[in-house]
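Structural description and commentary
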Amino acid sequence: MTGTIDPTDIKILQNLQENSRLTVKELAAAINLSTTPTFERVKRLEREGYIKKYVAVLDAEKLECGFVAFCYLKMKQHSYENGMRIMEAVQNIPEIVECYNISGDYDFLLKIYVQDMKSYQQFILRILGDLDCIGSLSSSFVLGEVKNSHQLPLVTP
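Residues numbered from 1 in each chain as written. Predicted model: local features only at pLDDT ≥ 70, side-chain atom pairs only at ≥ 80, totals over all residues. Heavy atoms only, no water.

A few points about the packing of aromatic side chains
The condition is simple: Only rings of Phe, Tyr and Trp enter the pairing, Trp through its six-membered ring, and a pair is recorded when the two centres are within 6.5 Å. The plane angle decides the type: under 30 degrees is stacked, over 60 is edge-to-face, the rest tilted. Secondary structure elements are taken from DSSP: a helix is a run of H or I of four residues or more, a strand is a run of E of two residues or more, and numbering for both begins at the N terminus. For every residue, the accessible area (1.4 Å probe, protein chains only) is compared with the maximum for its type, and the residue is labelled buried under 20%, exposed over 50%, or partly exposed between those bounds. We call a charge positioned over a ring when the NZ of a Lys or the CZ of an Arg lies within 6 Å of the ring centre and within 35 degrees of the ring normal.
Applying the stated criterion across every chain, the model contains five aromatic pairs. Relative to F141, the ring of F67 has its centre 5.5 Å away and its plane inclined at 40°; by these criteria the two rings are tilted. Residue F67 is located in strand β1 (residues 67-75), and its partner F141 is located in strand β4 (residues 134-141); the two are separated by 74 residues in the primary sequence. Given a relative accessible area of 34%, F141 falls into the partly exposed group. Arranged with centres 6.4 Å apart and planes meeting at 25°, the rings of Y120 and F123 form a pair that is stacked. Here the residue Y120 and the residue F123 both occupy positions in helix α5 (residues 117-126), the gap between them amounting to three residues, near one helical turn. By the burial criterion, Y120 is buried, and F123 matches it. Every member of this aromatic cluster is reached through a ring pair, and the members are F67, Y120, F123 and F141. The positively charged end of K74 is found above the aromatic ring belonging to Y106, 5.2 Å away from the centroid.

Describing the pattern of salt bridges
Quick reminder of the rule: Each salt bridge in this description consists of a side-chain nitrogen of Lys or Arg and a carboxyl oxygen of Asp or Glu lying within 4 Å of one another.
Evaluated as defined, the whole model comprises seven salt bridges. A salt bridge links K43 to E46; its shortest N-O distance comes to 3.1 Å. Of the two residues, K43 and E46 are both situated in helix α3 (residues 35-47); the distance of three residues between them amounts to about one turn of the helix. As a salt-bridge pair, E48 and R44 come within 3.4 Å of each other at their nearest N and O atoms. Exposure remark for E48: the relative accessible area of 41% places this residue in the partly exposed category. The class for R44 is buried, based on a relative accessible area of 18%. When salt bridges that share partners are traced, they join D6, D9, R41, R44 and E48 into one network.

Coordinates in, geometry out; function isn't part of it.
Below, the structure written as structure tokens:
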């Protein structure tokens, strides 16, 4: 973190991480500040990029896409072009919700949501199988979710 945020900003961020639907009035009450300075601080935090966006966390099970797989990809050949092709391709594949360029035995780690194992098999064959820059992949499947908070650990400066 840069030195431009103070403990009050941290309280704002903590509260918004917990519930991004708080009104300015509710947020102001939670941090013991009046509404106008609270509003101005939130707008500054948004403008400076501390707050990237507001989202709704959906229930994947209820939406029938609760089968979660982590897929490790290895490029066929290490090249800038292959890396860029993979990074560009994942942007347009809705089942891939997270993608990381990683170190170690594999080059990328994907988090994928689909309906079930059969859907995952089809995804691997039809979607990832069409990317000829992928040399190999390995999958792990989520048996049960232990923690999924979406909240960053914020420390008061």
